[in-house]
Amino acid sequence: MYRNSYVSVDLDRIRFNAEYFAEKTGKKVIGVVKANGYGTIDHMEVSALKEAGVSFFAVSSLDEALNLRKYIADEILILGYVPSATMEIVRDHNLSIVTVSREYVENTDLKDVKVHLKLNTGMNRIGVRTDEAKEILEILKKKGARIEGVMSHFSSADDDIEYSKKQYQHFKDCVMSLNYDFPAVHMSATDASIAVDDDICTHCRIGLGLLGYSAYETKLLPSVGLYSEVVMCKHLEAGEPVSYGRHYTSDGNGFILTIPLGYADGFYRKNTGKQVYVENEYGTIVGSICMDQLMILTEHPHAVGTSVELFGPHVDIVSRAAELSTITYELLTSLSERLTRVYYKDGKEVCRIDPHFRP
């Protein structure tokens, strides 16, 4: 590491979380590793998931699928739009796609392409209408598509279980009416897998839950942390300002720590005023967060090189997301490639990847 600001990833915890979902649901787990494994680097997350018996993975786009294909030979499902002109690439790399819309199905060469029939049951993002599903299924057959599965997606399983139950019933009724033996049937992601009973699906799609986070209380183990270290510690006299805009002025108490991490690393400027953890005490981020650095007020002085936890065991990222009026997904996927990723197994560092220097 060249700046000593990094993302920590506990691979044992990821494996544990995958096993938790497999046991709880009684279904096969599709490991959703889109957005570069929600910031953990996709193929490293996959390595832990494969140890848990996961052999089916999902990403958001063709470029993500092609990158992951360099590392694994397992099933890869692309959850988002794949340009019709790229079907030869899809076939050549043994990838699976979803039915974005009726128009997409009608205008795309799907011969020998592995397809999951995506049903729009209320999310209204992508997917075919349920009242057109039977007809779309027949079109897929005529086109020679390899029909691998049927799927949908909940819109609000994190906070509205009753609506989610209705959405699931809509999905179930449609699937049963199709009278087709789909190899894979899946709708539930992390929160729905915990909160919604599901009696027809063969698989569950788990993304954030694999990293240990959910809207519900569970046995999941959080696996990701964000750390930096002190590069300067100083005492300011009363009246001395800190950082751009002079939005914070010292009252003469405590110490100001500087760390080499800022908004270019994906750490939002709105974190000013929030707490971080420094060697047995909590400190408060003060002044404007800079592009590459930020300042922390602590009661006690701390030596250069002291570790600073921005989120982790002492600073809950789910709570921090709520404080910032956002979601855990956004905080994780915002972590930039300037940050080294450090991986742990059995409590020991086993690997580190600096995305800047990947071949």
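Residues numbered from 1 in each chain as written. Predicted model: local features only at pLDDT ≥ 70, side-chain atom pairs only at ≥ 80, totals over all residues. Heavy atoms only, no water.

Q: Go over the packing of aromatic side chains, please, and point to the residues and values.
A: In the structure shown here, the tally under the stated rule is seven aromatic pairs. Each ring, one from tyrosine 2 and one from phenylalanine 357, has its centre 5.4 Å from the other, and the planes form 50°; the classification is tilted. In this pair, tyrosine 2 sits in the segment before β1 (6-10) while phenylalanine 357 sits in the segment after β21 (348-353), placing the two residues 355 residues apart along the sequence. Accessibility classification places tyrosine 2 together with phenylalanine 357 in one group, the exposed group. (Phe/Tyr/Trp six-rings, centres within 6.5 Å; stacked < 30°, edge-to-face > 60°. Helix = DSSP H or I, 4+ residues; strand = E, 2+ residues; numbered from the N terminus. Buried < 20%, exposed > 50% of the residue type's maximum accessible area, 1.4 Å probe, protein only.)

Q: For the state of the cysteines, give the residues involved together with the corresponding values.
A: Using the criterion set out here, one finds zero disulfides in the structure. Of the cysteine sulfurs around cysteine 233, a residue in no disulfide, the closest is that of cysteine 290, at 17 Å. (Disulfide = S-S within 2.5 Å.)

Q: Report on the sheet that holds strand β20 (residues 340-345), specifying residues and quantitative values.
A: Read from one edge to the other, the open sheet built from 10 strands follows the order β12-β15-β18-β17-β16-β19-β11-β1-β20-β21, with strand pairing classed as mixed. Two strands in the sheet have a free side with no partner beyond their single neighbour: β12 (232-234) and β21. Put simply, the sheet's adjacent strands are angled 35° from each other on average, direction ignored. Taken strand by strand, helix α1 (residues 11-25) contacts β1, β20 and β21, and its axis lies near 45° from that of β1. (Pairing = 2+ DSSP bridges. Axes fitted to C-alpha atoms, helices over the stretch in contact; angles between N-to-C directions. Contact = heavy atoms within 4.5 Å.)

Q: A description of empty space enclosed by the protein should follow, citing residues and the corresponding values.
A: The full count for this structure, using the stated rule, is one cavity of 30 Å³ or more. In this structure, the largest cavity occupies an estimated 90 Å³ of space. Along its surface, the largest cavity is lined by Leu226, Gly266, Phe267, Tyr268, Asn271, Leu310, Phe311, Ile317, Arg320, Leu324, Leu331 and Leu335. Looking at the lining of the largest cavity, the elements with two or more residues in it are β19 (307-311) and α10 (317-323). Across the lining of the largest cavity, the residue classes break down as nine nonpolar, two polar and one charged. (1 Å grid on protein atoms, 1.4 Å probe; cavity = no way out; pocket = protein on both sides within 12 Å on 5 of 7 lines; lining within 4 Å. Points joined across faces, edges and corners; volume = space filled by probe spheres on them. Nonpolar A, V, L, I, M, F, W, Y, C, P; charged D, E, K, R; others polar.)

Q: Before we move on, can you summarise the side chain of serine 188 with the specific residues and values?
A: Checked against the element boundaries, serine 188 lands in the loop between β9 (184-186) and α9 (190-195). What makes serine 188 buried here is its relative accessible area of 2%.

Q: I'd like to hear about the nonpolar core, residue by residue, with values.
A: Ile97, Leu110, Leu117, Leu119, Leu140, Phe171 and Leu226 are the most contacted members of the largest nonpolar core, which has 103 residues in total. In this structure, leucine 119 is in contact with Val128, Thr130, Ala133, Val150, Met151, Ser152, Phe171, Cys174 and Val175, ignoring residues within four places of it in sequence. Formed by seven residues, the second largest nonpolar core is a distinct cluster that contains Tyr248, Ile256, Val286 and Met295. (Core = buried A, V, L, I, M, F, W, Y, C linked by side-chain atoms within 4.5 Å.)

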